[in-house]
Amino acid sequence: MELIQENPDLSAYLAADDVIDHHHPLVRDTAARLVKDAEDSYGYARLAFEFVRDTIPHSQDAGDPRVTWRASDVLEQGTGICHAKAHALAALLRAEDIPTALCYQRFVHHEGAGHALHGLVAVRFNGAWHRQDPRGNKPGVDARFSLDGERLAFLPDPAAGELDHPGLYATPHPAVLGALRAAPDRPHLWKTLPTAL
């Protein structure tokens, strides 16, 4: 699949906003702590990915009812669904000047009928975009940081109406952000996740 950069201006994928708030002191401090152990920007990107994947539990896996969506809140509260974790990783990567996009996949909703969007990121290295999925590993899920072939959490099944969206977004899709902001808790969010872009 060819990934499509929605904004031709690469600087958009380094920007801070209310969601990917990499200007926030907690994001900056976390990035500064991680970068100390990195030999280069690739090493930092891998460390940031593993930090978000492994130390911030996916709220559904953990049974945590809290809903986070702002990167700094994800880091502070230590919880989030895939979209929130993608926002946190994007902020950590952009804090160290690594262009990062938000990406989406559509999967059969595991609680009931229909589909739901899944969130992940893409990082830009060596003139190309590479998708990464920090949602968190569990039995049956083994996502890894890779610039040499994707190692994502899930692969879409086209026969089930599942798909990869090719768009690379500089900001969260409005439908995703709206659902996250409006949800009083994760069980409610699970019923209101967008089904398509």
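The structure this text deals with has already been given above.
Residues numbered from 1 in each chain as written. Predicted model: local features only at pLDDT ≥ 70, side-chain atom pairs only at ≥ 80, totals over all residues. Heavy atoms only, no water.

**Regarding the side chain of T30**
So, point 1. Relative to the helices and strands, T30 resides in helix α1 (residues 25-35).
So, point 2. Accessibility expressed as a relative area gives 3% for T30, which makes it buried.
So, point 3. Within the structure, the side chain of T30 is placed 2.7 Å from the backbone oxygen of L26, a separation counted as a polar contact.
So, point 4. Those residues in contact with T30 that sit more than four places away from it in its chain are F51, L75 and L92. (Helix = DSSP H or I, 4+ residues; strand = E, 2+ residues; numbered from the N terminus. Buried < 20%, exposed > 50% of the residue type's maximum accessible area, 1.4 Å probe, protein only. Polar contact = N/O pair within 3.5 Å; in protein donor to acceptor, adjacent residues only side chain to side chain. Contact = heavy atoms within 4.5 Å.)

**Brief notes about the sheet that holds strand β4 (residues 128-132)**
So, point 1. An order of β4-β3-β2-β5 is seen for the four strands of this open sheet, with the pairing classed as antiparallel. Each end of this open sheet is capped by a strand with a single partner; those strands are β4 and β5 (163-164).
So, point 2. Note that strand β2 (residues 100-108) and β5 share two bridges and pair antiparallel. From the neighbouring strand, Q105 faces β5, where its bridge partner is D164.
So, point 3. In this fold helix α5 (residues 82-95) packs onto β2 and β3 (115-125), with an angle of close to 15 degrees to the strand it touches most, β3. (Pairing = 2+ DSSP bridges. Axes fitted to C-alpha atoms, helices over the stretch in contact; angles between N-to-C directions.)

**Some points on the environment of H87**
So, point 1. Tracing the sequence through the fold places H87 in helix α5.
So, point 2. Given the relative accessible area of 1%, H87 is considered buried.
So, point 3. Leave out the neighbours within four places in its chain, and H87 touches V19, I20, W69, A71, L102, P172 and L180.
So, point 4. A polar side-chain atom of H87 sits 2.8 Å from the main-chain carbonyl oxygen of W69.

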